[in-house]
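# A closer look at the structure
This is what each chain is made of:
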Amino acid sequence: MIKNIQVNAAILIIGNEILSGRTQDTNTSTLALWLNSIGVKVGEVRVIPDIEQTIIENVNELRKNNNYVFTTGGIGPTHDDITAESISKAFGLKYQIHKEGYKILEAYYKQGEFNEGRQKMIWMPENSKLILNPTSGAPGFSVENVFCLPGVPSILKAMLGGLKNDIVGGNPILSHTINLRTVESEIAKSLTSVQDNNKDVEIGSYPFFQAGKLGVSIVIRSEDQLKIDACNFQILEFVKKKNIEVIRKLIKEIGKKHSVILSTHILPEGEMVCDRVQIIDKGHLVFHGSIDDLKQQRLGNKLLIGLSKPPTLSKLKSIKGVEKVEKDEQGMLVMKFKDKYLPAEEIVSLATKQNWGLYHIAPHVTSLEDIFVQLTQVQTIKNRITKGK
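Here the structure is a predicted model, which means the values were calculated and not measured.

Where strand β9 (residues 174-181) lies against strand β11 (residues 213-222), seven bridges are found, and the strand directions are antiparallel. Residue L174 lies in a different strand from β11, and its bridge partner there is S222.

Between helix α8 (residues 184-197) and helix α9 (residues 225-241), whose axes approach to 10 Å, the crossing angle comes to 155°. By the criterion of interaxial angle, the relationship of α8 to α9 is roughly antiparallel. Between α8 and α9 the crossing geometry is right-handed. Along the contact surface, α8 presents I187, S190, L191, V194 and N197, while α9 presents C231, Q234, I235 and F238. Its residues assigned to classes, the contact of α8 with α9 shows six nonpolar, three polar and no charged.

Turning our attention to unusual backbone geometry. For N127, which is not glycine, the phi torsion reads 65° and is therefore positive. Assignment of secondary structure puts N127 in the loop between β5 (123-125) and β6 (129-131). Phi is positive for E144, close to 55°, though the residue is something other than glycine. For E144, a relative accessible area of 63% translates into the label exposed.

In any sheet, the strands associate via hydrogen bonds between backbone groups, in a parallel or an antiparallel arrangement. A sheet is described by the order of its strands in space; here six strands give the open sequence β2-β1-β3-β8-β7-β6, paired in mixed fashion. Unpaired on one side and paired on the other, β2 (41-48) and β6 mark the two borders of the sheet. Across the sheet, the mean angle separating the axes of adjacent strands is 20° when strand polarity is ignored. Sheet contacts for helix α3 (residues 52-65): β1 (8-14), β2, β3 (68-72) and β8 (146-149); angle to β2, the most-contacted strand, approximately 170°.

Where nonpolar side chains cluster on the molecular surface, the patch consists of L19, V45 and V47 and spans about 220 Å² of accessible area. Within the element layout of this structure, V45 appears in strand β2.

Before going further, it helps to examine the nonpolar core. Within the largest apolar cluster, 21 residues are counted, with the highest numbers of intra-cluster contacts made by L12, I55, V59, I87, F91, F141 and V146. Contributions of two or more residues to this core are made by β1, α3, α4 (83-91), β7 (140-143) and β8. Beyond its immediate sequence surroundings of up to four residues, V59 is in contact with L12, I87, A90, F91 and V146. Residues V7, A9, L31 and I131 belong to the second largest nonpolar core, which totals 20 residues.

Quick look at the packing of α3 against α4 now. When two helices pack together, their arrangement is given by the angle between the helix axes and by the axis-to-axis distance. Taken N-terminus to C-terminus, the directions of α3 and α4 make an angle of 55°; their axes are 9 Å apart at the nearest point. On the basis of the axis angle, α3 is oblique to α4. Pair α3 / α4 crosses with right-handed handedness. Residues E52, I55, I56, V59, N60 and R63 of α3 touch α4, and the partners they reach there are T83, S86, I87, K89, A90 and F91. Of the residues contributing to the contact of α3 with α4, the split by class is six nonpolar, three polar and three charged.

What follows covers α3. Here α3 spans 20 Å end to end across 14 residues, near enough to the 20 Å set by a 1.5 Å rise per residue. All of the buried residues in α3 are I55, I56, N58, V59, N60, L62 and R63. Among the structural elements, β1, β2, β3, α4 and β8 are those in contact with the buried residues of α3.

Rules used in this analysis
Residues numbered from 1 in each chain as written. Predicted model: local features only at pLDDT ≥ 70, side-chain atom pairs only at ≥ 80, totals over all residues. Heavy atoms only, no water. Pairing = 2+ DSSP bridges. Helix = DSSP H or I, 4+ residues; strand = E, 2+ residues; numbered from the N terminus. Axes fitted to C-alpha atoms, helices over the stretch in contact; angles between N-to-C directions. Parallel < 35°, antiparallel > 145°, perpendicular 65-115°, else oblique. Left-handed = near helix turned anticlockwise from the far one by under 90°. Contact = heavy atoms within 4.5 Å. Nonpolar A, V, L, I, M, F, W, Y, C, P; charged D, E, K, R; others polar. Buried < 20%, exposed > 50% of the residue type's maximum accessible area, 1.4 Å probe, protein only. Patch = residues over 30% accessible without salt bridge, like charges linked within 9 Å, V, L, I, M, F, W, Y side chains within 5 Å. Areas by Shrake-Rupley, 256 points an atom, 1.4 Å probe, with all protein chains shown as cover. Salt bridge = Lys/Arg side-chain N within 4 Å of Asp/Glu carboxyl O. Core = buried A, V, L, I, M, F, W, Y, C linked by side-chain atoms within 4.5 Å. Expected span 1.5 Å × (residues − 1).

Quick look at the structure:
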């Protein structure tokens, strides 16, 4: 890993459907979060139409001013998918069939299905390097420092894992969020002072509305954890002097009145989904209620679990009904069960009996469909609690 070197990237979103508002862009968030995690800072995002000359001009400008450029959209089988040909012209390369890509798609489709439209998806600039697609077969491609990905969010996300060896980043960009029960005008002067004293740290403030009250999320970002800690200390110092409430969001103990965290990395920070549900930093959903309110809910068959005294993975895998156990990047356990749905109470009870130190349990979200199901579950809990009052 490169130390103390700034590695930057630009994202180029290509598509009339984005500019018209018909399709909502989520690829920017996916790419930015992933790039930050591997030490690449996104300095610019552009959204442009499916116009050849516009694509050529933007690609040529961005690739000269950034270590990496990522384009999304326009590499499908239809007439308006012109990204690949435009990239060819931007680099002055021949636009031709990629032989390896052809073999991949020929094997992927059944006999007679690999038609002319689908064959268009393997026309690329000469000598392009393929970006393999584990979801739908059709690969993306890269030329020098420009990486061309599809516009379909789930497919794009699945392809990022194949790029890790091609992207050399600096130190990962870390972040820390402080949620306050206040308004921006109350902290503006003090926060400006902290920023002025820490110019190499990014500090942002973002207002939100929660449970009928205003609040502000302060996000501190840096490659250096010590600098984040220093800013955190300075902010909490003036917060204490002003007698501003800090909103605590992480649960410390199961069975008491705490917020239940429902994990997702897709939705935007700070947004209130309903009266009791808020989206906090790193995209987590927080249900403001008791774990007891969640116990009887039938969660999905994939759970995100935090244990302070976890047993070995092999022991967890031996539990009846468990299909798979693995750790995520944050050290949390992702447990998949054979049953389609699982009452949270079963896991809570088991962890309590075994003294594993359960401090977090939530459905593990991997798609927008999961989020919809999850929000429906949360809304059901919310309605039940409201009716019970």
